[in-house]
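Chain residues, written in single-letter form:
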Amino acid sequence: MTDVPGPGGLPAPPIEVAFPDLDRWAAGNTGVPYVWTFTAERAGPHVLLQALTHGNEVCGAIALDWLLGTGFRPLRGAVTVCFANVDAYHGFNPAEPFASRCVQEDFNRLWTADVLDGPRQTADLMRARQLRPLYDRVDYLLDLHSMTDPCPPLAMAGRQRKGVAFAQALGLPQHVVVDAGHAAGKRLRDYEFFDDPADPRSALLVECGQHWERAAPKVAQQSALRFLRHFGMADAALLDTHLDDGPLQPQRVIEVTDVVTIGSDDFRFAVPVQGLAIVPEAGTLLATDGPVDVYTPYDDCVLIMPTRRPKKGETAVRLGRFVG
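So, how was this worked out
Residues numbered from 1 in each chain as written. Predicted model: local features only at pLDDT ≥ 70, side-chain atom pairs only at ≥ 80, totals over all residues. Heavy atoms only, no water. Core = buried A, V, L, I, M, F, W, Y, C linked by side-chain atoms within 4.5 Å. Buried < 20%, exposed > 50% of the residue type's maximum accessible area, 1.4 Å probe, protein only. Helix = DSSP H or I, 4+ residues; strand = E, 2+ residues; numbered from the N terminus. Contact = heavy atoms within 4.5 Å. Disulfide = S-S within 2.5 Å. pLDDT = per-residue confidence, 0-100. Salt bridge = Lys/Arg side-chain N within 4 Å of Asp/Glu carboxyl O.

K.L.:
Sorry, what's going on with the nonpolar core here?
P.N.:
Taken as a class, soluble globular proteins show a tendency for nonpolar side chains to be buried jointly. Membership of the largest hydrophobic core comes to 54 residues, with the highest contact counts inside it found for Leu-49, Phe-83, Leu-204, Phe-227 and Leu-228. Ranked by the residues each element gives to this core, the list is headed by helix H6 (residues 216-230), at 7 residues. With residues up to four places along the chain from it excluded, the contact list for Phe-83 reads Leu-22, Trp-25, Tyr-34, Ala-51, Leu-52, Ala-61, Leu-64, Asp-65, Leu-68 and Arg-127. Grouped together as the second largest cluster of nonpolar side chains are 22 residues, Val-35, Ala-84, Leu-116 and Phe-193 included.

K.L.:
What should I look at first to understand the state of the cysteines in this one?
P.N.:
A covalent bond between the sulfur atoms of two cysteines is what we call a disulfide. All chains considered together, the criterion is met by 0 disulfides. Cysteine Cys-59 remains unbridged, with the sulfur of Cys-208 as its closest cysteine sulfur at 4.1 Å.

K.L.:
Help me understand the confidence of the model for the protein in this model?
P.N.:
Any residue range with low pLDDT should be treated as having predicted coordinates unsuitable for detailed reading. Averaged over all residues, the pLDDT of the protein is 94; the fraction at 70 or higher stands at 97%. Note on residues 1-7: pLDDT under 50 across the span, and 24 contacts to partners over four residues away in sequence or across chains.

K.L.:
It is not clear to me how the pattern of salt bridges should be interpreted in this structure. Could you clarify?
P.N.:
For side chains bearing opposite charge, pairing can occur when the charged atoms are close. Tallied over the entire structure, the rule returns 15 salt bridges. For the salt bridge of Arg-187 with Asp-179, the shortest nitrogen-to-oxygen distance reads 3.2 Å. For Arg-187, a relative accessible area of 2% puts it in the buried group. A residue is classified by how much of its surface remains accessible, and Asp-179, at 2% relative accessible area, is buried. The structure contains a network of salt bridges with shared partners spanning Asp-179, Arg-187, Arg-189, Asp-190 and Arg-318.

Listed below in structure tokens is the structure:
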């Protein structure tokens, strides 16, 4: 751990990776900065690989900087690579490593028509509006993220069965989370048709590990390669050279049943928490939120991404159980 204070006064995890200079990708080739699209002669779906939905989540940027640097071109269909909230990324300061998650508001809580078409003006929302036409025309999205605290990688599959099937088709990460998101706002992976069970278009959000741990970019790279392989877009030479061919752990599905949204300025966990920790007994006091006590609703309750920085109106933790 470093001596730099993190959210909640806890020391921030160490920064074990280098942040790539993305200026060479700034021009894009689509008319939108930091967005590149490559189209093959053979027909196929339009897929999107995205990094930097949050500016301090660098693992996806490392993986996609590498992918573009290989000169990758798809065998079929179209592949778009997008570095989303680049302004936030450019504001990263190792002395305050959590501050550059966004510029003014969370880019990943904006994805409803009411917000996108509304009167509010922030840097993050302006970038979301700029990228919205891109999302409207893609068939599949892989959104590469990371987490505040150390935790095994997670596939956030949304609430529809197609999201789980998407995660299972890639085969990683091991843990697949079925959930509806956050009360504070809709995620990109739940935007419009991505959350429509009758629409074949789908999105998957992969949390690749802790923001700056050495292993996270590898998870992002392997997720991207498996995504491209699934759609028949990557050639054998790229896959043979860079795709790990070792056995994967069987995937397990966690269904979120409760989202604990912070209702006061005096929220505290009553027990030590970490990602994917299991609380054995129902009725265990988990947290206090001002005058409200929060208890586990059932035995073997799984804690998903508990927050280090309690903030009124935001998610404290998601509660789930293994269903497969």
